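# Coordinate inspection notes
Single-letter residue listing:
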Amino acid sequence: QVQLVESGGGLVQAGGSLRLSCAASGGTLITYGTGWFRQGPGKEREFVAAIVWSSGSTHYGDSVRGRFTISRDNAKNSVYLQMNSLKHEDTAVYYCAAAPMITNLESGPYNLWGQGTQVIVSS
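All of the points below concern the structure found in this document. All figures in this text were calculated on a predicted structure; none of them were measured in a lab. (Residues numbered from 1 in each chain as written. Predicted model: local features only at pLDDT ≥ 70, side-chain atom pairs only at ≥ 80, totals over all residues. Heavy atoms only, no water.)

What follows deals with the overall build of the chain. For the chain, the count of helices and strands is zero helices and 11 strands. Computed over its C-alpha atoms, the radius of gyration of the chain comes to 13 Å, within 12% of the 14 Å expected for a compact globule of 123 residues. The 123 residues of the chain split such that 43% are buried. Within the chain, counting contacts between residues at least 6 apart in sequence, those at least 24 apart form 55% of the total. Accessible surface computed for the chain: about 6,300 Å², of which carbon and sulfur atoms make up 48%. (Helix = DSSP H or I, 4+ residues; strand = E, 2+ residues; numbered from the N terminus. Rg over C-alpha atoms; globule rule 2.2 N^0.38 Å. Buried < 20%, exposed > 50% of the residue type's maximum accessible area, 1.4 Å probe, protein only. Contact = heavy atoms within 4.5 Å. Areas by Shrake-Rupley, 256 points an atom, 1.4 Å probe, with all protein chains shown as cover.)

Moving on, we get to the state of the cysteines. The full count for this structure, using the stated rule, is one disulfide. Across a sulfur-sulfur distance of 2.0 Å, cysteine 22 and cysteine 96 are joined as a disulfide pair. Looking down the S-S bond of the cysteine 22 and cysteine 96 bridge, the torsion is -80°, so its handedness is left-handed. Residue cysteine 22 is found in strand β3 (residues 18–25), and its partner cysteine 96 is found in strand β9 (residues 92–99); the two are separated by 74 residues along the sequence. (Disulfide = S-S within 2.5 Å.)

Now for the packing of aromatic side chains. What characterises a pair of aromatic rings is the spacing of the ring centres plus the angle enclosed by the ring planes. The tally for this structure, following the rule as stated, stands at four aromatic pairs. A ring pair is formed by phenylalanine 37 and tyrosine 110, whose centres lie 5.0 Å apart and whose planes are at 80°; its orientation type is edge-to-face. In this pair, phenylalanine 37 is assigned in strand β4 (residues 33–39) and tyrosine 110 in the loop between β9 and β10 (112–113), connecting sequence segments 73 residues apart. For the residue pair phenylalanine 37 and tyrosine 110, the accessibility class agrees, reading buried in each case. (Phe/Tyr/Trp six-rings, centres within 6.5 Å; stacked < 30°, edge-to-face > 60°.)

A few words on the environment of alanine 14. Structurally, alanine 14 is set in the loop between β2 (10–13) and β3. When the C-alpha positions of alanine 14 and glutamate 106 are compared, they lie 26 Å apart, and in sequence the two are 92 residues distant. Residue contacts for alanine 14: discarding those within four places in its chain leaves Leu86, Val121 and Ser122.

The subject of this paragraph is the side chain of serine 78. Among the secondary structure elements, serine 78 is positioned in strand β8 (residues 78–83). Among the polar contacts listed, one links the side chain of serine 78 to the backbone oxygen of lysine 76, at a separation of 2.9 Å. When sequence neighbours within four positions are dropped, the list of residues in contact with serine 78 reads Cys22, Ala23, Trp53, Ser71, Arg72 and Asp73. (Polar contact = N/O pair within 3.5 Å; in protein donor to acceptor, adjacent residues only side chain to side chain.)

Note on placement: threonine 34 falls in strand β4. Excluding its chain neighbours within four sequence positions, the residues that come into contact with threonine 34 are Leu29, Ala49, Ala50, Ile51, Ile70, Val79, Ala97, Ala98 and Tyr110.

Below you can see the structure in the form of structure tokens.
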């Protein structure tokens with residue numbers, strides 16, 4: 001069974017950058033699109049970014065638009081999230097998710113989720 005594995009999280013200072021990776025493990029990921037979500041301490045899960053696998057079309061949450069970039073690598077069956085100009089408010093566990101069919105890029109439905117990778121931005 002295909003699993004999603006996130007990596008690249010860590011501790012950075014405000015204004016710094018991180019690059020998160022989401023790789024399929026156990027098989028080839030076949031999906032309409034993939035997305036990144038995050039959940040900070042005591043907060044609801046928040047949509048970050050999504051990409052349509054076939055076309056490369058992207059969509060971003062308002063709080064990260066202009067700072068984060070989502071991309072894909074077809075050969076590696078992986079999705080990435082480049083995070084620049086990080087703020088303390090970006091501190092969260094970041095999750096990669098996949099949707100076989102999406103009616104709305106923010107809501108999915110996303111039915112395959114990774115375990116998450118922690119991002120901490122110092123203040």
